[in-house]
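Working through the structure, step by step
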Amino acid sequence: KYLDPIEITEETVRILRQKRCDLIVCLSHLGFEYTTDPNRISDRKLAAATDGIDLIIGGHTHTFLEKPVVAENRNGQKVVINQTGCYGVNLGRIDFYFSRNGKKVLDGRSIQIWLSFAGNYEFVKGIKCEYIQSHRYRSQYNGWQIRKVV
């Protein structure tokens, strides 16, 4: 049975707000954005169609964002969306600071966790990443190919 992500999100946000949650984080696997299929639900569409979400941590499209994207929800409030790519190449960090009057301030960034050697990238634990020109993957995750170093 297909459950509409927008309906489920609205119901979940309503329940969490009743419980007086100060910050609502959505862990999504919808994908960041689909330029070739603009009607497909994505993190950006979810943010725009709902209200009450503060942060969407997404997956599926393996989008490498250098820093979080700030979108607007249907009430014009800010929603932070972040993806850090795939295969553990980056680690995301987002800090929220709360004031006594309920304001939330955000700071976020992507942290590279690999070392660079002449165009190839070797991870600390024996994983190697090479940049490739791939028409299939270029728009999704910029052509990164990962393989185990033997």
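Summary of the structure given here.

Calculation criteria
Residues numbered from 1 in each chain as written. Predicted model: local features only at pLDDT ≥ 70, side-chain atom pairs only at ≥ 80, totals over all residues. Heavy atoms only, no water. Helix = DSSP H or I, 4+ residues; strand = E, 2+ residues; numbered from the N terminus. Buried < 20%, exposed > 50% of the residue type's maximum accessible area, 1.4 Å probe, protein only. Contact = heavy atoms within 4.5 Å. Pairing = 2+ DSSP bridges. Phe/Tyr/Trp six-rings, centres within 6.5 Å; stacked < 30°, edge-to-face > 60°. Lys NZ or Arg CZ within 6 Å of the ring centre and 35° of its normal. Salt bridge = Lys/Arg side-chain N within 4 Å of Asp/Glu carboxyl O.

1. Concerning the environment of Arg 44
Among the secondary structure elements, Arg 44 is positioned in helix H2 (residues 43–49). Relative accessible area serves as the criterion here: at 30%, Arg 44 is assigned to the partly exposed category. Considering only alpha carbons, one finds Arg 44 and Gly 58, 14 residues apart in sequence, at a separation of 9.9 Å. Once residues within four sequence positions are removed from consideration, Arg 44 is found in contact with Phe 32, Glu 33, Val 69 and Ile 81.

2. What to know about the pairing of strand E3 (residues 69–72)
On a regular strand, one side chain projects to one face of the sheet and the next to the other, so that they alternate. Only one face of E3 is buried, namely the one carrying Val 69 and Ala 71, since none of Val 70 and Glu 72 on the opposite face is buried. Adjacent in sequence and paired antiparallel, E3 and strand E4 (residues 78–82) are bridged by five residues, among which Gly 76 carries a positive phi angle near 80 degrees.

3. Let's talk about unusual backbone geometry
Phi is positive for His 60, close to 85 degrees, though the residue is something other than glycine. For His 60, the position within the fold is in the loop between strand E2 (55–57) and E3. Although it is not a glycine, His 62 sits at a positive phi angle of roughly 55 degrees. Among the structural elements, His 62 can be located in the loop between E2 and E3.

4. Examining the packing of aromatic side chains
Aromatic ring pairs are described here by two measures, namely the spacing of the ring centres and the angle between the planes. This structure, assessed with the given rule, holds zero aromatic pairs. Above the face of the Tyr 34 ring, Arg 40 is positioned so that its terminal group lies 4.1 Å from the ring centre.

5. A look at the pattern of salt bridges
Applying the stated criterion across every chain yields a total of six salt bridges. Close ionic contact of Glu 33 with Arg 44 constitutes a salt bridge, the shortest N to O distance being 3.6 Å. Of the two residues, Glu 33 sits in the loop between strand E1 (25–27) and H2 while Arg 44 sits in helix H2, which places them 11 residues apart along the sequence. Across the pair Asp 51 and Arg 74 runs a salt bridge whose closest N-O atoms are separated by 3.2 Å.

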